[in-house]
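Topology and contacts: notes
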Amino acid sequence: GAGVSQSPSNKVTEKGKDVELRCDPISGHTALYWYRQSLGQGLEFLIYFQGNSAPDKSGLPSDRFSAERTGGSVSTLTIQRTQQEDSAVYLCASSESGGDNEQFFGPGTRLTVL
Amino acid sequence: AQSVAQPEDQVNVAEGNPLTVKCTYSVSGNPYLFWYVQYPNRGLQFLLKYITGDNLVKGSYGFEAEFNKSQTSFHLKKPSALVSDSALYFCAVRPFSGSARQLTFGSGTQLTVLP
């Protein structure tokens, strides 16, 4: 079956602009996660959704970052007023409900802020 | 808070030789442990996990990992390395209990298998 998909695959933007990153999880997966991968910070957790609610937003680095999930499926990560330090690969993952289930990752969106 | 250490940034091994990629963890209570592999410009691919039961876990592509509770380790192993195993490997942990669902990852180990 189809895996996790993310769009766009690459995004180049200017400092101060807003960007939206999209994630389509595996059908039927109720849990959805956003992570950020950068050279200096490794893999960082950003936010977790169970269904449409986000019980854990603890990893969002600032109030410029927000995310939503609609219909228990597609999720959008929005970064407002982008800064150069936001440049990274943003990874989305999904899993079945239950903490022992592995997370399946999408290919990521490479964000470059000029 | 949980943490994962991968003490080696780089591991080189000759094709056909056994390989080990090290991982130690810190978590309150019992852990769920995972290994993922990342090929260039690709997302992370799941290799194997330890939930409970047998300490030796077998996964994809001939990889296995051994859970050692006393040493808080979960080293990844393969008896005979292939050049195609060259990639970036990540160990990850999340606590068995509690509401946290996200994975905490190690810094990654670049495995290079030399022909």
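The structure displayed is predicted, hence computed values, not measured ones.

Calculation notes
- Residues numbered from 1 in each chain as written.
- Chains lettered and ligands numbered in written order.
- Predicted model: local features only at pLDDT ≥ 70, side-chain atom pairs only at ≥ 80, totals over all residues.
- Heavy atoms only, no water.
- Helix = DSSP H or I, 4+ residues; strand = E, 2+ residues; numbered from the N terminus.
- Rg over C-alpha atoms; globule rule 2.2 N^0.38 Å.
- Buried < 20%, exposed > 50% of the residue type's maximum accessible area, 1.4 Å probe, protein only.
- Contact = heavy atoms within 4.5 Å.
- Areas by Shrake-Rupley, 256 points an atom, 1.4 Å probe, with all protein chains shown as cover.
- Lys, Arg positive; Asp, Glu negative; His and termini not counted.
- Charge placed at Lys NZ, Arg CZ, Asp CG, Glu CD.
- Buried area = accessible area lost by both parts, 1.4 Å probe.
- Salt bridge = Lys/Arg side-chain N within 4 Å of Asp/Glu carboxyl O.
- Nonpolar A, V, L, I, M, F, W, Y, C, P; charged D, E, K, R; others polar.
- Pairing = 2+ DSSP bridges.
- Axes fitted to C-alpha atoms, helices over the stretch in contact; angles between N-to-C directions.
- pLDDT = per-residue confidence, 0-100.

A tally of regular secondary structure across chain A gives zero helices and eleven strands. Relative to the 2.2 N^0.38 estimate, which gives 13 Å for 114 residues, the radius of gyration of chain A is 13 Å and therefore close to what a compact globule would have. For chain A, the C-alpha atoms occupy an extent of roughly 40 × 25 × 25 Å along the three principal directions. Counting the 114 residues in chain A, one finds 46% classified as buried. Looking at chain A alone, contacts between residues at least 24 apart form 53% of all its contacts between residues at least 6 apart. Summed over all atoms, the accessible surface of chain A reaches about 5,300 Å², with 44% contributed by carbon and sulfur. In chain A, the 10 positive side-chain charges and the 13 negative ones have mean positions that sit 8 Å from each other.

A few words now on the interface of chain A and chain B. Facing the 18 residues of chain A at the interface are 17 residues of chain B. With both sides pooled, the region where chain A packs onto chain B buries about 1,500 Å², and carbon together with sulfur makes up 56% of that total. In this structure, Lys49 of chain B engages Glu102 of chain A in a salt bridge whose closest nitrogen and oxygen atoms are separated by 2.7 Å. Residue assignment for the side of chain A that touches chain B shows that the elements contributing at least two residues are strand S4 (31-38) and strand S5 (42-50) of chain A. Residues belonging to the side of chain A that touches chain B are distributed by class as follows: eight nonpolar, six polar and four charged.

Residue and element names in this part refer to chain A. What the four strands build is an open sheet, ordered S1-S3-S8-S7; its pairing is antiparallel. Because the sheet does not close on itself, it has two edges, and the strands there are strand S1 (5-7) and strand S7 (65-69). Direction aside, the axes of adjacent strands within the sheet are offset by 15 degrees on average. With five bridges connecting them, S7 and strand S8 (residues 75-79) associate as antiparallel partners. Considered in S8, the bridge of Glu68 is made with Thr76.

The predicted structure's coordinates, where accompanied by low pLDDT, should not be read in detail. On average, residues of chain B carry a pLDDT of 92, and 97% of them reach 70 or more. Of all the helices and strands in chain B, strand S10 (residues 87-95) of chain B carries the lowest mean pLDDT, 93, while strand S9 (residues 73-78) of chain B carries the highest, 98.

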